[in-house]
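The primary structure of each chain is shown beneath.
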Amino acid sequence: VLLHGGLNAELCSAGERASVEFPRYRIDFSGVLAFQIIELDSWDGESESSFDEILESEWIRDLGGKVTSEHRHFLVQTYDDVIEVVCEAFEFTLIDTSTEQVGADQPTAAMDSKSD
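Residues numbered from 1 in each chain as written. Predicted model: local features only at pLDDT ≥ 70, side-chain atom pairs only at ≥ 80, totals over all residues. Heavy atoms only, no water.

### Here we look at the nonpolar core
Moving on, step 1. Membership of the largest hydrophobic core is limited to eleven residues, which are Leu-3, Tyr-25, Ile-27, Phe-29, Phe-74, Val-76, Ile-83, Val-85, Cys-87, Phe-90 and Phe-92.
Moving on, step 2. Secondary structure elements with two or more residues in this core: β2 (24–30), β5 (72–77), β6 (81–87) and β7 (89–96). (Core = buried A, V, L, I, M, F, W, Y, C linked by side-chain atoms within 4.5 Å. Buried < 20%, exposed > 50% of the residue type's maximum accessible area, 1.4 Å probe, protein only. Helix = DSSP H or I, 4+ residues; strand = E, 2+ residues; numbered from the N terminus.)

The following block contains the structure:
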């Protein structure tokens, strides 16, 4: 599952503030076991931020089947939707938009959930 869009820099809590108001990002989830999306106004949950890991996830417990100890539950809140993913790993990349080439997403920074 691949998500991409813009972050609201005003809502970022850690590190330096972005030099652009809505820096572009890409999140690539791998080893996906389950995925769901719901419109934000229909969602009745709570979240600490726009990207959270749900610890001790009831959804993972309920999935059974092919769930392993490597699977983790993530929640992504966007302006319109809430996306939940159960996966083994993710890679979060900030995109350098200073180039004008179409389709030339150049990473400026990346974070891998399975760093050694």
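### Describing the sheet that holds strand β3 (residues 34–39)
Note on sheets: strands pair through backbone hydrogen bonds, and any given pair is parallel or antiparallel.
Moving on, step 1. Read from one edge of the open sheet, four strands run β3-β6-β5-β4, paired in antiparallel fashion. The sheet is open, and its two edges are formed by β3 and β4 (51–54), each paired on a single side. On average, each strand axis in the sheet is inclined to that of its neighbour by 20°, with strand direction left out of account.
Moving on, step 2. Where β4 lies against β5, four bridges are found, and the strand directions are antiparallel. Residue Phe-51 lies in a different strand from β5, and its bridge partner there is Val-76. (Pairing = 2+ DSSP bridges. Axes fitted to C-alpha atoms, helices over the stretch in contact; angles between N-to-C directions.)

### Brief notes about the pairing of β6
Moving on, step 1. Taken across its seven residues, β6 has six buried, putting it largely inside the fold.
Moving on, step 2. The pairing of β3 with β6 spans six bridges and is classified as antiparallel. Bridging across to β6, Glu-39 finds its partner in Asp-81.
Moving on, step 3. Here six bridges tie β5 to β6, and the two strands are oriented antiparallel to one another. Within β6, the residue paired with Arg-72 across the bridge is Cys-87.
Moving on, step 4. Between β5 and β6, which pair antiparallel and follow one another directly, the connecting turn spans three residues.

### Looking at the environment of Tyr-79
Moving on, step 1. Its place among the elements puts Tyr-79 in the loop between β5 and β6.
Moving on, step 2. On the basis of relative accessible area, Tyr-79 is assigned to the exposed category, the value being 75%.
Moving on, step 3. Taking the C-alpha atoms as reference points, Tyr-79 and Leu-40, separated by 39 residues in sequence, lie 7.5 Å from one another.

### A short note on the pattern of salt bridges
Moving on, step 1. A full pass over the atoms with the stated rule returns one salt bridge.
Moving on, step 2. As a salt-bridge pair, Arg-72 and Glu-53 come within 3.0 Å of each other at their nearest N and O atoms. Of this pair, Arg-72 sits in strand β5 while Glu-53 sits in strand β4; the two residues are 19 residues apart in sequence, bridging distant segments of the chain. (Salt bridge = Lys/Arg side-chain N within 4 Å of Asp/Glu carboxyl O.)

### Focus: the confidence of the model for the chain
Moving on, step 1. Mean pLDDT for the chain: 79, with 70% of residues reaching 70 or above.
Moving on, step 2. Looking across the chain, the model is least confident in strand β8 (residues 106–112), with a mean pLDDT of 50, and most confident in helix α1 (residues 58–63), with 95.
Moving on, step 3. Within the model, the stretch residues 100–110 combines pLDDT values under 50 with 17 contacts to residues more than four positions away or in other chains. (pLDDT = per-residue confidence, 0-100. Contact = heavy atoms within 4.5 Å.)

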